[in-house]
Amino acid sequence: MSQTLAPPDRTAAAPSVVPTALPPDPQLRALAERHGLTVSGARPPLREYTRRLWARRHFIAAFATARLTATYTTARMGQLWQVVTPLLNAGVYYLIFGVLLHTRHGIPNFIPFLCTGLFVFTFTQSAVLAGTRAVSGSLGLVRALHFPRAALPIAYTLVQLQQLLFSMGVLAAIVLICGVPLTWHWLLMVPALLLQSVFNTGLALVMARIGAKTTDTAQLMPFVLRTWMYVSGVFYNLSAFTGSAPHIVSAALNCNPALIYIDLMRYALIDTVRAQDLPPHVWPLALGWALLAGIAGYVFFWKAEEEYGRG
Amino acid sequence: MAETTVERPPAPVTGYGAPADDRTPTVICDNVHIVYKVHGGGSGKGSATAALQRIVRRSPSAGVREVHAVKGVTFVAHKGEAIGLIGSNGSGKSTLLRAVAGLLPPTAGRVYTHGQPSLLGVNAALMNDLTGERNVVLGGLAMGMSRQEVRDRYPGIVEFSGINEKGDFVSLPMRTYSSGMAARLRFSIAAAKSHDVLMIDEALATGDRAFQKRSEARIRELREEAGTVFLVSHNNTAIRDTCDRVLWLEKGELVMDGPTDEVVTAYEKSAG
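As the structure is a computational prediction, the values presented were derived from the model and not from experiment.

## Here's the deal with the overall build of chain B
- When helices and strands are counted, chain B shows nine helices and nine strands.
- Expressed as a percentage of the 272 residues in chain B, the buried residues total 50%.
- Of the contacts made within chain B by residues no fewer than 6 positions apart, 72% connect residues no fewer than 24 positions apart.
- As presented, chain B carries roughly 12200 Å² of accessible surface, and 52% of it is formed by carbon and sulfur atoms.

## Side note on the side chain of A:Gln196
Residues and elements named next belong to chain A.
- In this structure, Gln-196 sits in helix H8 (residues 189-213).
- Gln-196 gets classed as buried once you look at its relative accessible area, which sits at 1%.
- In terms of polar contacts, Gln-196 uses its side chain to reach the backbone carbonyl oxygen of Val-120, at 3.0 Å.

## Quick notes on the pairing of strand S9 (residues 253-259) of chain B
Residue and element names in this part refer to chain B.
- The element S9 is largely enclosed, with a buried count of six among its seven residues.
- The pairing of strand S8 (residues 245-250) with S9 spans six bridges and is classified as antiparallel. When the bridges of S9 are listed, Arg-245 appears paired with Pro-259.
- Remark: two residues form the turn of the hairpin made by S8 and S9, two consecutive strands paired antiparallel; Lys-251 in that turn has positive phi of roughly 50 degrees.

## Notes on the packing of aromatic side chains
Residues and elements named next belong to chain A.
- This structure, assessed with the given rule, holds 14 aromatic pairs over all chains.
- Judged by centre distance (5.8 Å) and plane angle (75 degrees), the rings of Phe-63 and Tyr-156 are edge-to-face. One end of the pair, Phe-63, is in helix H3 (residues 57-72); the other, Tyr-156, is in helix H7 (residues 151-177), with 93 residues separating them in the sequence.
- A relative accessible area of 4% places Phe-63 in the buried class.
- Ring pairing ties together the aromatic residues Phe-59, Phe-63, Phe-147 and Tyr-156, which thus form one cluster.
- Arg-149 extends its terminal NZ or CZ atom over the ring of Phe-147, reaching a point 4.8 Å from the ring centre.
- A cation over an aromatic ring shows up here: Arg-266 above the ring of Phe-113, its NZ or CZ 3.5 Å from the ring centre.

## Structural notes on unusual backbone geometry
- Phi is positive for A:Asn109, which is not a glycine, with a value near 55 degrees.
- Mapped onto the elements, A:Asn109 comes out in the loop between helix H4 (81-100) and helix H5 (110-134).
- Although it is not a glycine, B:Lys251 sits at a positive phi angle of roughly 50 degrees.
- Its location among the elements puts B:Lys251 in the loop between S8 and S9.
- Judged by its relative accessible area of 41%, B:Lys251 falls in the partly exposed class.

## Some words on the confidence of the model for chain B
Residue and element names in this part refer to chain B.
- Per-residue confidence for chain B averages 79 on the pLDDT scale, and 80% of its residues sit at or above 70.
- No element of chain B has a lower mean pLDDT than helix H1 (residues 2-6), which averages 41, and none a higher one than S8, which averages 92.
- Taken together, the stretch residues 1-7 has pLDDT below 50 and engages in seven contacts with residues farther than four places along the chain or on a different chain.
- Taken together, the stretch residues 41-45 has pLDDT below 50 and engages in nine contacts with residues farther than four places along the chain or on a different chain.

## So, helix H13 (residues 282-302) of chain A
- Under the 1.5 Å per step criterion, the end-to-end length of H13(A) is 30 Å for 21 residues, consistent within 8% with the ideal 30 Å.
- Those residues of H13(A) hidden inside the fold are in contact with helix H2 (46-55), H7, H8 and helix H12 (257-269) of chain A.

## Side note on the state of the cysteines
Residue and element names in this part refer to chain A.
- The final tally for this structure, using the stated rule, is zero disulfides over all chains.
- With no disulfide of its own, Cys-115 lies 7.4 Å from the sulfur of Cys-178, the closest cysteine sulfur.
- Here Cys-115 falls in the buried class, since its relative accessible area comes to 3%.

## Observations regarding the pattern of salt bridges
Residue and element names in this part refer to chain A.
- Scanning the entire structure with this criterion turns up 13 salt bridges over all chains.
- With its nearest N and O atoms 3.0 Å apart, the salt bridge here joins Glu-48 to Arg-51. Residue Glu-48 and its partner Arg-51 are both found in helix H2; the two are separated by three residues, about one turn of the helix.
- Using a relative accessible area of 49% as the deciding quantity, one classes Arg-51 as partly exposed.
- Asp-263 serves as the salt-bridge partner of Arg-266, at 3.7 Å between the closest nitrogen and oxygen. Placement of both Arg-266 and Asp-263 in helix H12 is noted, with a separation of three residues, approximately one turn of the helix. The exposure classification of Arg-266 matches that of Asp-263, with both residues buried.

## Comments concerning the environment of A:Gln79
Residue and element names in this part refer to chain A.
- Checked against the element boundaries, Gln-79 lands in the loop between H3 and H4.
- With ten residues separating them in the primary sequence, Gln-79 and Thr-69 have C-alpha atoms 7.5 Å apart.
- Beyond its immediate stretch of four places on either side in the chain, Gln-79 contacts Leu-68, Thr-69 and Tyr-72.

## Observations regarding the nonpolar core
- One finds A:Phe63, A:Leu145, A:Phe301 and B:Leu138 to be the most contacted residues of the largest nonpolar core, which totals 51 residues.
- For this core, the element with the most residues is H3(A), which contributes six residues.
- Listed in part, the 50 residues of the second largest apolar core include A:Cys115, A:Val175, A:Leu264 and A:Ala290.

What counts and how
Residues numbered from 1 in each chain as written. Chains lettered and ligands numbered in written order. Predicted model: local features only at pLDDT ≥ 70, side-chain atom pairs only at ≥ 80, totals over all residues. Heavy atoms only, no water. Helix = DSSP H or I, 4+ residues; strand = E, 2+ residues; numbered from the N terminus. Buried < 20%, exposed > 50% of the residue type's maximum accessible area, 1.4 Å probe, protein only. Contact = heavy atoms within 4.5 Å. Areas by Shrake-Rupley, 256 points an atom, 1.4 Å probe, with all protein chains shown as cover. Polar contact = N/O pair within 3.5 Å; in protein donor to acceptor, adjacent residues only side chain to side chain. Pairing = 2+ DSSP bridges. Phe/Tyr/Trp six-rings, centres within 6.5 Å; stacked < 30°, edge-to-face > 60°. Lys NZ or Arg CZ within 6 Å of the ring centre and 35° of its normal. pLDDT = per-residue confidence, 0-100. Expected span 1.5 Å × (residues − 1). Disulfide = S-S within 2.5 Å. Salt bridge = Lys/Arg side-chain N within 4 Å of Asp/Glu carboxyl O. Core = buried A, V, L, I, M, F, W, Y, C linked by side-chain atoms within 4.5 Å.

Here it is as structure tokens:
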């Protein structure tokens, strides 16, 4: 005893209008409530979401490591590229800015200065780029398995963090070779990196949601990031510029989170960078940016949790 | 025209999907509509020359197209049922399953479920450049197993897949596997976990004859462990063998909902 719910009319095209205003059927809803059924795919509250995300921490770690391993697996030199890539990057920029353009004037220890800026900025840059594609590039995964989607941008940021740790090893070697002494200040790298990682994760979460909705963002981001890089004093000493600029401009430039994390790392690593060279209120700003980006990014991403499968 | 679409389709009050009987419902679909966007070649990746051509010709097709894949489907599934989904290609079967699994949110209407329904399949979580070994771990974790569970089930998964029968293949990257071997490993990982509501999306019987037998037996086991099973297939024999109820979808609409024999016969008649 079956029932035909709609005529099997294959010729007439059905009108493609979605009745969004239709309320849920009261009979069916009552049935669902009576048996304890819940709305499928509904966004869990923030606390529950965080709990589920924490339960997936092993997946996040495994996914990040797997991605990192898979990146270089077909290259003959394999994992060695993780060390060679930052070295080559530093070489290119040294050639252009150190040798050809002479932005090194007045900067002691230019090579460590340049490499630190470059590696630290690359971490933020690649986290944002990877974040933009984190959901839109993993749509197959999102449409096949159930897990808190925030796992994806977080895992991609973790990949970049692991890359950065390789770069930091290279950086430490470069800095020591250039004759910069090893001091207790180096320990400041840990909080600086930690804060930057939280900041980057937040940024990746924001970009992941935007990138999931507007796929054109991925095309636009490289330009935005390059602009950001040039105003962040990666290749030159920004304080030479902010000294003569109007107060409001220099204040804005000094609040730039990328500049803050770069300067903190330079302060930690290079002995000729002194505390008075740093922008004002550098540690509170570093903490503030990390908290702002981290919390706002997480909530912003969670708000659209149930929609990521739609593409 | 708009008025006709706002009208509620007749709610199933008797017989199949009747809300008023004493069986326990596990999945309730209430007038589900799904619209998803398809990004044409215009955005995302695409060759530069193609993009240039589009700009020169001012072709509007570069934008986003919306696909109304499921149009107002209502049904109630109960505990212990094995439900088949049939219909021609592109009739919205897989999309409907994704909505039930909570992976693709309905644009309108509601899906209520008992627990978290799961699609059987981990393909998307696996990476071809990694060894089979690491893929088993990654796939297990992706399905929500704990590290301990993965460790416990690892030998079983590898043995079931049989990829180590001809040497130590599990320590090689998956891209070096033959397509049959890769499919066997994927199925073994996916079938390692049991679920409340299990959904199986066609083309599962892969690999050689021996493995097909093994996987069919495993699906039967999973069916017994699961409360409700959905099976999407174009193989009517498989549907007749496993399902006791069938939903027939055509162009996103539910054409028929009833006992397997009746619906499959009607479907076969209409398909010619």
